[in-house]
Amino acid sequence: MSTVPISSPRTQASALVEQLRRDIVAGVLPPGGKLKISDLAATYGAGVIPTREALARLSSSGLVVAEDQRGFRVAPVSLDELQDLGALRRTLETRALVESMSQGDIEWETRLIAAHHRMSRLDMRTQHGEAGFAEDWDAAHVEFHLALLGACRSPWLMQFVRMLGEQMNRYRHLSTRADQADTRDIATEHTTLLEAALARDADRACMLLCDHFSRTEADAREALSRL
């Protein structure tokens, strides 16, 4: 199989998908905002054709909405969607967490501890203090939550978990705009969740995970009420 040159439209589109995905999730490209292909191509230094292909790919993930004859928009956010996503995520992730704890071995524990350690060593906020999370901490945070579920043996369950997680990440970033977001001790929330998982205390771990999600959803609802 021949390799695709780095300058090819396909490679540009693949790289642009990830850049656009990060900026949509982080709110750099605001919910409901028009995505003009020529402007995006200039901003991201890509061609028009790769940009159109990247937006088409993202529309299949639900992050972008394709409008007939009108181009593309960032998918909107809403209280109803937040409630729906939150309920589904709690249901599926607690199920995956219980299976992961029951199946996890010493290698799972090692990866989980390492993921938590990395996350705890990074600054959660950017140095400039603007709303949102620091990019490296945010990536480590996602990895920690996936590590919790890392021993779950259901590929379909994990696929749905990742899909819901990506959609909820938009609301998680939005939640940092709420006043009460700064009163949370998120580091302690993660540490107690880690301890419960390592102790194989399924009831406590699931309770802590649901509480962790619910706090974020409450902050996101507060932020949404101001939009």
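Fair warning: this is a prediction, and the values are worked out from it, not measured in the lab.

Structural notes on the overall build of the chain
Move 1: Scanning the chain from terminus to terminus reveals 9 helices and 3 strands.
Move 2: Start at the N end of the chain and walk to the C end: the helices and strands fall as α-β-α-α-β-β-α-α-α-α-α-α.
Move 3: Against the 2.2 N^0.38 benchmark of 17 Å for 227 residues, the chain shows a C-alpha radius of gyration of 19 Å, consistent with a compact globule.
Move 4: Looking at the chain as a whole, 42% of its 227 residues qualify as buried.
Move 5: Summed over its atoms, the accessible surface of the chain is roughly 12400 Å², and 53% of this surface lies on carbon and sulfur atoms.
Move 6: Between the centroid of the 27 positive side chains of the chain and the centroid of its 32 negative side chains there is a distance of 5 Å.

Describing the packing of helix α6 (residues 135–148) against helix α8 (residues 186–198)
Move 1: Contact geometry of α6 with α8 gives a least axis separation of 11 Å together with a crossing angle of 25°. If you check the angle between α6 and α8, you find them roughly parallel. The chirality of how α6 crosses α8 is left-handed. On the side of α6, the interface is formed by Trp-137, His-141, Phe-144, His-145 and Leu-148, while α8 contributes His-190, Leu-193, Leu-194 and Ala-197.

Brief notes about the confidence of the model for the chain
Move 1: Averaged over the chain, the pLDDT score is 89; the fraction of residues at 70 or greater is 91%.
Move 2: Confidence over residues 1–6 falls short of pLDDT 50; this stretch has 4 contacts with residues more than four positions distant or in other chains.

Concerning the nonpolar core
The tendency in soluble globular proteins is for nonpolar side chains to be buried as a group.
Move 1: Counting 29 residues, the largest nonpolar core has Leu-97, Leu-112, Phe-144, Leu-148 and Leu-149 as its most contacted members.
Move 2: At the level of secondary structure, the elements contributing two or more residues to this core comprise α4 (79–103), α5 (106–120), α6, α7 (155–175), α8 and α9 (202–225).
Move 3: What Leu-149 contacts, discounting residues up to four positions off in sequence, is Glu-93, Ala-96, Leu-97, Ser-100, Met-158 and Val-161.
Move 4: Residues Leu-20, Leu-35, Ile-37 and Leu-55 belong to the second largest nonpolar core, which totals 17 residues.

Thresholds applied
Residues numbered from 1 in each chain as written. Predicted model: local features only at pLDDT ≥ 70, side-chain atom pairs only at ≥ 80, totals over all residues. Heavy atoms only, no water. Helix = DSSP H or I, 4+ residues; strand = E, 2+ residues; numbered from the N terminus. Rg over C-alpha atoms; globule rule 2.2 N^0.38 Å. Buried < 20%, exposed > 50% of the residue type's maximum accessible area, 1.4 Å probe, protein only. Areas by Shrake-Rupley, 256 points an atom, 1.4 Å probe, with all protein chains shown as cover. Lys, Arg positive; Asp, Glu negative; His and termini not counted. Charge placed at Lys NZ, Arg CZ, Asp CG, Glu CD. Axes fitted to C-alpha atoms, helices over the stretch in contact; angles between N-to-C directions. Parallel < 35°, antiparallel > 145°, perpendicular 65-115°, else oblique. Left-handed = near helix turned anticlockwise from the far one by under 90°. Contact = heavy atoms within 4.5 Å. pLDDT = per-residue confidence, 0-100. Core = buried A, V, L, I, M, F, W, Y, C linked by side-chain atoms within 4.5 Å.

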